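# Architecture and fold: a report
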Amino acid sequence: MRNIASVPRVSLGLFPTPFYKLEAISARYGRNIWIKRDDLCGVALGGNKVRKLEFLLAQARADGCDTVFTTGGAQSNHAMLTAACAARLGMDCKLFLKDRGVTGRRGNLVLDEIYGAPVRLVDTDDYQDIYREMEAEAAGLEARGHRCCRIPLGGSTPLGTLGYAAAARECAVQAMAAGIRVGHLVSATGSGGTTAGLLLGAGLFLPGARVTGMAVDPQPFRETVLDLAAGAAALLEASFQPQEKDLQILDCAGPGYAVPDPAATPAILELARTEGILLDPVYTGKAWAGLLAQVKAGGFEGEGDIVFFHTGGAAALFAMDLPGASN
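What you see is a predicted model, and the numbers here were worked out from it, not measured in a lab.

### Re the nonpolar core
Membership of the largest hydrophobic core comes to 38 residues, with the highest contact counts inside it found for V182, L185, V307 and F309. Listed by contribution, the elements that provide at least two residues to this core are α6 (158–178), β7 (182–189), α7 (193–205), β8 (210–215), α8 (222–235) and β10 (305–310). Take this core: its biggest share by element is nine residues, from α6. Ignoring anything within four residues of it in the chain, the contact list for V182 reads A175, L206, A209, G304, D305 and V307. V10, A60, A79 and A84 belong to the second largest nonpolar core, which has 30 residues in total.

This is how it looks when you write it as structure tokens:
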């Protein structure tokens, strides 16, 4: 098997990120719940996409690219972090985003501007329309001598997925130092790459740990996650055969993708007011609420502690309302 450290990677984040037990929450719910703070990775407002971008932008630099294209929703964390990381590497970044949800100069769209990434809002519900517009502009730049890197939605490719296989290895080292056994790895799932990386990483570095993806988009993710994990395993020349019990995908989308769920607000407020940690209303907040609902229902069975990966997204708190929040 090829070592992940041998895959070209550019240093962007401050790793390892903090890993610690949520003492107040654990006492309240009667389960040992730990958090992996990838929202504190040192780039912009943090988030999971930085780990993926370390591999994706390393490949882009190796290919001689000077311009990066990517896409997402109007308040895309991935797009914002791509803009931040590209700026750090001296590369231009162009964002083609869906003209849906919260637009205007709010949240991540403000940060996109600060990082110098021009945004084109595309009036469509189909990302294929966006990819066509993106490709047309990239082709025009390349005809003038530029080299362009196209990163798909969420950076969820087999190469990007390696970022979270490496994160699982990092977590395994931290868990060993803390003297705990990890039984469950939990994260939000919005395009599949983070969950796929955790699935592969658990198989390689945390035997016996089960991976749960809290789906914040009402799309079927299981096959996507399995395909991405298999593709990333192939890059490592690793034998990887996940079992049915190793992965569960739970629906936490609520009213819909990128739409706050009033049912998640109490969990978001509870974590803020007991542990001082901010979650966003459309990704991590929904995933955390889903985790607590499972704990209350007796889920996450078996031995070992629960680890929640905080994948960022705080800028959404400044773009949309937190429904039902009190003063």
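### Digging into the pattern of salt bridges
What the rule picks out here adds up to 19 salt bridges. A salt bridge links R120 to E133; its shortest N-O distance comes to 3.4 Å. Taken as a pair, R120 in strand β5 (residues 119–122) and E133 in helix α5 (residues 127–143) lie far apart in primary sequence, 13 residues in all. For R150, the salt bridge identified is with E135, shortest N-O distance 2.8 Å. A residue pair is termed long-range when its members are at least 10 positions apart, and R150 in strand β6 (residues 148–151) and E135 in helix α5 qualify at 15 residues. Accessibility expressed as a relative area gives 31% for R150, which makes it partly exposed. Each of K36, D38, R51 and E170 takes part in one network of salt bridges that share partners.

What counts and what doesn't
Residues numbered from 1 in each chain as written. Predicted model: local features only at pLDDT ≥ 70, side-chain atom pairs only at ≥ 80, totals over all residues. Heavy atoms only, no water. Core = buried A, V, L, I, M, F, W, Y, C linked by side-chain atoms within 4.5 Å. Buried < 20%, exposed > 50% of the residue type's maximum accessible area, 1.4 Å probe, protein only. Helix = DSSP H or I, 4+ residues; strand = E, 2+ residues; numbered from the N terminus. Contact = heavy atoms within 4.5 Å. Salt bridge = Lys/Arg side-chain N within 4 Å of Asp/Glu carboxyl O.

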